[in-house]
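Secondary and tertiary structure notes
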Amino acid sequence: SHVLRLLGAEVIKIESRHGDQFRNYGSNREFDGMSPAFIAANAGKKSIALDLKQPEAVRIVRQLVATADILLENFRPGVMRRLGLDYATLQPIKPNLIYCAISGFGQTGPSAELPAYAPAIHAAVARHDELLEAHLRIEVDQLFRRGHHRQGGQFGEPQLELERIAHVNAAG
């Protein structure tokens, strides 16, 4: 979402009613009580605090989706379905919606439900296969093609793959 914002997209970040935990990252609070890291990652974004377990909040998200081009989510697999905000539910509201689910180890498979904190992802990256880079580049190419042709679609990327690409690109 940060890159999309840098490219000029209007990004609306939905936070829990308690706010993003990243707001409190580190000890520096001289910027309206927010961490510099949070400000850097979220500069220019709009945000709204919602309790997605409440029907009114889900209604608000569906209204936002009706005007959106892309929805990015990073919940554990199955959470958006339980909330009634999965692709199958939202696609009739916005037929050309691009829905990207980012999770630690993918939406399906034997590792899908594993917890995904940065250290676990970093450790797994060191052992991961180079084929993931080609797979992710195909997915990103599809995302841009869908957007260019005003078509919707759904895809999910494991954070593991995204982190691997970041390491490959930083090294190369």
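Description of the structure in this document. (Residues numbered from 1 in each chain as written. Predicted model: local features only at pLDDT ≥ 70, side-chain atom pairs only at ≥ 80, totals over all residues. Heavy atoms only, no water.)

In the structure shown here, the tally under the stated rule is two salt bridges. A salt bridge links Glu10 to Lys46; the nearest nitrogen and oxygen atoms lie 2.4 Å apart. In this pair, Glu10 sits in the loop between α1 (2–6) and β1 (12–15) while Lys46 sits in strand β2 (residues 46–49), placing the two residues 36 residues apart along the sequence. Given the relative accessible area of 55%, Glu10 is considered exposed. Judged by its relative accessible area of 47%, Lys46 is partly exposed. Glu56 is the partner of Arg59 in a salt bridge, and the nearest nitrogen-oxygen pair spans 2.3 Å. Here the residue Arg59 and the residue Glu56 both occupy positions in helix α3 (residues 55–67), the gap between them amounting to three residues, near one helical turn. (Salt bridge = Lys/Arg side-chain N within 4 Å of Asp/Glu carboxyl O. Helix = DSSP H or I, 4+ residues; strand = E, 2+ residues; numbered from the N terminus. Buried < 20%, exposed > 50% of the residue type's maximum accessible area, 1.4 Å probe, protein only.)

Side-chain positions along a regular strand alternate between the two faces of the sheet. Sheet analysis places β1 next to β2, joined by four bridges and oriented parallel. Within β2, the position partnered with Ile12 by the bridge is Lys46. Read as a crossover between parallel neighbours, the route from β1 over helix α2 (residues 36–42) to β2 is right-handed. (Pairing = 2+ DSSP bridges. Right-handed = clockwise from strand over helix to strand, strands pointing away.)

Strand β4 (residues 98–103) sits mainly inside the fold: five of its six residues count as buried. As defined by bridge partners, strand β3 (residues 70–73) adjoins β4 across four bridges and the pair is classed as parallel. Looking at β4, one finds that Leu71 is bridged to Tyr99.

For α3, built from 13 residues, the straight-helix expectation of 18 Å at 1.5 Å per residue is met to within 8% by its first-to-last C-alpha distance of 19 Å. Within α3 the residues assigned to the buried category are Ala57, Val58, Val61 and Val65. Projection of α3 onto a plane perpendicular to its axis shows the buried side chains occupying an angular sector of 100 degrees, all on one side. Of the exposed residues in α3, the ones pointing more than 90 degrees away from its buried face are Pro55 and Thr67. In this structure, the buried residues of α3 make contact with β1, β3, α4 (79–83) and α5 (87–90). (Expected span 1.5 Å × (residues − 1). Arc of directions from axis to C-beta. Contact = heavy atoms within 4.5 Å.)

Membership of the largest hydrophobic core comes to 16 residues, with the highest contact counts inside it found for Leu52, Leu71, Leu85, Leu90 and Tyr99. The element contributing the most residues to this core is α3, with four residues. The contacts of Leu90, once residues within four sequence positions are left out, are Arg62, Val65, Leu71, Leu85, Leu97 and Tyr99. (Core = buried A, V, L, I, M, F, W, Y, C linked by side-chain atoms within 4.5 Å.)

As far as function goes, none of this settles anything; it's purely spatial.
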